[in-house]
Amino acid sequence: MSGQDIVTPSAENLAASARAASGKGLPPVHKWNPPFCGDLDMRIARDGTWFYLGTPIGRKELVRLFSTILKREAGKYFLVTPVEKVGITVDDAPFVAVDFKVTHSEGQQVLRFTTNVGDTVEAGPAAPLRVVRDPDTGEPAPYVLVRADLEALIDRKSFYRLVDLGERREHAGARWFGIMSGGAFFPIIPADELPE
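Q: How do you make sense of the confidence of the model for the chain when you look at a structure like this?
A: Caution is warranted with low-pLDDT regions, since their predicted coordinates should not be read in detail. Mean pLDDT over the chain stands at 90; residues scoring 70 or higher make up 88%. In this model residues 1-7 is a low-confidence stretch, pLDDT under 50, and it forms 4 contacts with partners more than four residues away in sequence or in other chains.

Below you can see the structure in the form of structure tokens.
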């Protein structure tokens, strides 16, 4: 043996490590590169519910804590601490944008989103909005970048409110219907697919 302690992945170990590493703001997970310890039976459902061993995690404080040590690498999701890294399953996006406020800065509309875990983000060039349409149904799935390759799925009620703020504009050589925020235009659907 190498003399290195073998770490058995568990939600309890991760929570303890995350608490020890937390201070003001988010932990610097982008700087942590611990060894991979295996996959944990933890899943984030499309509606933002976190499950451990098939059971919803009911403590919001614990979900928030886990959300601060979430990292995405090569399309996979991990919970990381300075000493361990475990894989988890994410059904769609790890967060859900549950609300937004419209503000104005320097004469420009700014959309400030709040997620189910308490993060806030202002949509703009550094935190873009994107809409993916289902190839079979055409139904839109809107997202906003929250931090470091982690997105929030924008919930239906917020998306309907966004559409109310939409406008038609030229974008990439075509006419689009989309949203302005932070000086950037985010296309939702080609304007010719909308009724006049």
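From this point, things continue past the structure.
Q: Which parts of the structure should I look at to understand the nonpolar core?
A: For soluble globular proteins, the rule of thumb is that nonpolar side chains tend to be buried together. Formed by 44 residues in total, the largest nonpolar core has its most connected members in M42, W50, L79, I88, F113, L129 and V144. Those residues in contact with I88 that sit more than four places away from it in its chain are L40, M42, I44, W50, L70, Y77 and L79.

Q: Is there a simple way to think about empty space enclosed by the protein in this case?
A: In total, this model carries 1 cavity of 30 Å³ or more according to the counting rule given. By volume, the largest cavity is sized at about 50 Å³. Lining the largest cavity are L129, R130, V131, P142, Y143, I154, F159, L162, I179, F186, P187 and I188. Tallied by class, the residues present in the lining of the largest cavity amount to 11 nonpolar, no polar and 1 charged.

Q: How should I be thinking about the packing of aromatic side chains in this particular structure?
A: For any pair of aromatic rings, geometry is given as the distance between the ring centres together with the angle between the planes. All chains considered together, the criterion is met by 3 aromatic pairs. With a centroid separation of 6.0 Å and an interplanar angle of 85°, the aromatic rings of F36 and F78 are classed as edge-to-face. Linking F36 in strand β1 (residues 36-44) with F78 in strand β5 (residues 76-80), this pair joins segments that are 42 residues apart in sequence. The exposure class assigned to F36 is partly exposed, which follows from its relative accessible area of 49%. Relative to F113, the ring of F100 lies with its centre 5.5 Å away and its plane at 40°, an arrangement referred to as tilted.

Q: In this structure, what is going on with the sheet that holds strand β13 (residues 167-171)? I would like to understand it.
A: Across a sheet, strands are paired by hydrogen bonds formed along the backbone, either parallel or antiparallel in direction. Reading across the sheet, the 3 strands line up as β13-β14-β15 and stay open at both edges, with antiparallel pairing between neighbours. Edge positions in the sheet fall to β13 and β15 (184-190), since each has one partner strand and no second. Sheet twist, expressed as the average angle between the axes of neighbouring strands with direction ignored, equals 55°. With 5 bridges connecting them, β13 and strand β14 (residues 174-181) associate as antiparallel partners. Pairing of R169 across the sheet is with W176, part of β14.

Basis of the calculations
- Residues numbered from 1 in each chain as written.
- Predicted model: local features only at pLDDT ≥ 70, side-chain atom pairs only at ≥ 80, totals over all residues.
- Heavy atoms only, no water.
- pLDDT = per-residue confidence, 0-100.
- Contact = heavy atoms within 4.5 Å.
- Core = buried A, V, L, I, M, F, W, Y, C linked by side-chain atoms within 4.5 Å.
- Buried < 20%, exposed > 50% of the residue type's maximum accessible area, 1.4 Å probe, protein only.
- 1 Å grid on protein atoms, 1.4 Å probe; cavity = no way out; pocket = protein on both sides within 12 Å on 5 of 7 lines; lining within 4 Å.
- Points joined across faces, edges and corners; volume = space filled by probe spheres on them.
- Nonpolar A, V, L, I, M, F, W, Y, C, P; charged D, E, K, R; others polar.
- Phe/Tyr/Trp six-rings, centres within 6.5 Å; stacked < 30°, edge-to-face > 60°.
- Helix = DSSP H or I, 4+ residues; strand = E, 2+ residues; numbered from the N terminus.
- Pairing = 2+ DSSP bridges.
- Axes fitted to C-alpha atoms, helices over the stretch in contact; angles between N-to-C directions.

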